[in-house]
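# Chains, contacts and geometry: an overview
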Amino acid sequence: MLEVKNVTVSFGGLIAVKDMTMNVKKGIIHSLIGPNGAGKTTLFNVITRVIQPVKGSVSYEENSLMDLRPEQIIYKGISRTFQNLQLFSGMNVYDNILSGYIHNYDKNIFYLFSKNRSHFESEARERILEISELLQIKNRLSSYPASLSYGILKRVEIARAIVSNPKLLLFDEPAAGLNHNETSEIRDIMRLLKNQGKTILLVEHDMNLVMKISDRITVMSFGEKIAEGTPEEVGNNEEVIKVYLGESENA
Ligand SMILES: Nc1ncnc2c1ncn2[C@@H]1O[C@H](COP(=O)(O)OP(=O)(O)O)[C@@H](O)[C@H]1O
Ligand SMILES: [Mg+2]
C-alpha cells in the first residue's frame, strides 16, 4: 500500500535518514520503532511531504507522492497525528475536528469562518458526532484545548485525523505522556480502526503497546533500518536488543 524506497534525508550535513526502504501492507498495524533521534518523525515528514529527501521516493497505491504538497496528501486518503500536539488553541474541540474535514473541499482553515460554513458543517456534523462518540470526547466538543487533559487532547487529534475517513493513518507517538488507562484506550481505538479496515503506521515508544498491537515492526537506529519482522522476530533480534539496552543505559 505504502512504499518507501531508498529514502535519505540530510539536515545540513547530518544524515537523519539513510537509504531507508519499507513497505506497509494494507489493513495492518505496522510500527516504526527505534531510539530517540533514529529518524522516525523525519520519515513521517517525508511520507507526508513536509520534508524533501535528497534521495529516494515514496509511493502510495502504486502512485508516487513526490509531486504532492503536504496539504494534498489527505486527498490520497492519508492522514496523520503529530508527536507534539498541533491543535488550534483558539478553536473548540468541535471546530478542531471539523478542520480535518475541510480537506474534502479543497479549502483551507479560513473556510471554517466563512459564510459557507453552515452548508459544509451540516454535512460533517454527523460524522463528527459519530467519531467523538467512538473516541469518548462527545461531552467535550464545546471545550477549548487549554482546558483539557493531555489524554483527551491526544484523542481529539486522532478524531481530527480520521474525520475525513482516510485509509492510511500515521500516528506519531499517540501514547506518549499518557498513563496506563489512557494508553489502553488508545490501543483499543487503534484496534477498532484496524477492524474498520484502516491501515496504521505507528511510531511509538511504549514497547508493551507496540509488541501487543503490531502485525509488523520496522526498527530504525541512527537513520537506518536495522531489523524488520513480526513482534516476535524483532523482539528476539540481537541487534535490536543491543540498541534498546544501550538506550536504557544512557537514560
Ligand atoms: N528540522 C530539523 N533540522 C535539523 N535536524 C533535525 C530536524 N529534524 C530532526 N533532526 C535531527 O534528525 C535526527 C532524527 O530526528 P527525528 O526524526 O525527530 O527522530 P525520532 O523521531 O526517531 O526521534 C535527529 O538527530 C534530529 O536531531
Ligand atoms: Mg519523533
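Residues numbered from 1 in each chain as written. Chains lettered and ligands numbered in written order. Predicted model: local features only at pLDDT ≥ 70, side-chain atom pairs only at ≥ 80, totals over all residues. Heavy atoms only, no water.

The next subject is the overall build of the chain. In terms of helices and strands, the chain carries 8 helices and 10 strands. The C-alpha atoms of the chain give 18 Å as radius of gyration, which agrees with the globular expectation for 251 residues (18 Å, within 12%). Taking the principal axes of its C-alpha atoms as reference, the chain extends roughly 55 × 40 × 35 Å. For the chain, the proportion of its 251 residues judged to be buried stands at 51%. (Helix = DSSP H or I, 4+ residues; strand = E, 2+ residues; numbered from the N terminus. Rg over C-alpha atoms; globule rule 2.2 N^0.38 Å. Buried < 20%, exposed > 50% of the residue type's maximum accessible area, 1.4 Å probe, protein only.)

Here we come to the site of ligand 1. Lining the immediate environment of ligand 1, one finds Phe11, Leu14, Ala16, Pro35, Asn36, Gly37, Ala38, Gly39, Lys40, Thr41 and Thr42. Here an oxygen atom of ligand 1 and a backbone polar atom of Gly37 are 2.7 Å apart. Broken down by secondary-structure element, the contributors of at least two residues to the shell around ligand 1 are strand S2 (14–24) and helix H1 (40–47). Here the shell around ligand 1 takes 3 residues from H1, the largest share from any one element. Residue composition of the shell around ligand 1, by class: 5 nonpolar, 5 polar and 1 charged. (Near = heavy atom within 4 Å. Polar contact = N/O pair within 3.5 Å; in protein donor to acceptor, adjacent residues only side chain to side chain. Nonpolar A, V, L, I, M, F, W, Y, C, P; charged D, E, K, R; others polar.)

So, on to unusual backbone geometry. For Asn6, which is not glycine, the phi dihedral falls at a positive 50°. Unlike most non-glycine residues, Glu61 shows phi in positive territory, near 45°. Structurally, the position occupied by Glu61 is in the loop between strand S4 (55–60) and strand S5 (63–64).

This brings us to the domain arrangement of the chain. On domain assignment, one finds that the chain holds domain 1 (22–51 + 65–77 + 168–251) and domain 2 (90–165). The distance between the C-alpha centroids of domain 1 and domain 2 comes to 25 Å. Counting residues at the interface gives 18 residues for domain 1, matched by 14 residues for domain 2. Summed over both sides, the interface of domain 1 with domain 2 buries roughly 1300 Å², with 68% coming from carbon and sulfur. (Domains from an automatic or database assignment. Contact = heavy atoms within 4.5 Å. Buried area = accessible area lost by both parts, 1.4 Å probe.)

We now examine the pattern of salt bridges. Enumeration over the complete set of coordinates arrives at 10 salt bridges. In this structure, Glu61 engages Lys167 in a salt bridge whose closest nitrogen and oxygen atoms are separated by 3.4 Å. Of the two residues, Glu61 sits in the loop between S4 and S5 while Lys167 sits in the loop between helix H4 (150–162) and strand S7 (168–172), which places them 106 residues apart along the sequence. Note that Arg127 is salt-bridged to Glu130, the shortest N-O span being 3.4 Å. One end of the pair is Arg127 and the other is Glu130, both in helix H3 (residues 117–134) and 3 residues apart, which spans about a single turn. (Salt bridge = Lys/Arg side-chain N within 4 Å of Asp/Glu carboxyl O.)

Looking now at the nonpolar core. Grouped together as the largest cluster of nonpolar side chains are 36 residues, with contacts concentrated most on Ile97, Ile128, Leu135, Phe171, Met190 and Ile200. Secondary structure elements with two or more residues in this core: helix H2 (93–99), H3, H4, S7, helix H5 (180–195), strand S8 (199–203) and helix H6 (207–213). Of all the elements, H4 adds the most residues to this core, at 7 residues. Looking at which domains feed residues into this core, each of domain 1 (22–51 + 65–77 + 168–251) and domain 2 (90–165) gives three or more. (Core = buried A, V, L, I, M, F, W, Y, C linked by side-chain atoms within 4.5 Å.)

With 5 of its 6 residues buried, strand S9 (residues 216–221) lies for the most part within the structure. In terms of strand pairing, strand S3 (residues 29–33) meets S9 through 4 bridges, oriented parallel. Its bridge partner lying in S9, Ser31 is registered against Ile217. Summarising the sheet, S9 and strand S10 (residues 224–229) pair through 5 bridges and their orientation is antiparallel. From the neighbouring strand, Ile217 faces S10, where its bridge partner is Gly229. Linking two consecutive strands that pair antiparallel, namely S9 and S10, is a turn of 2 residues; a positive phi of about 45° is found at Phe222 within it. (Pairing = 2+ DSSP bridges.)

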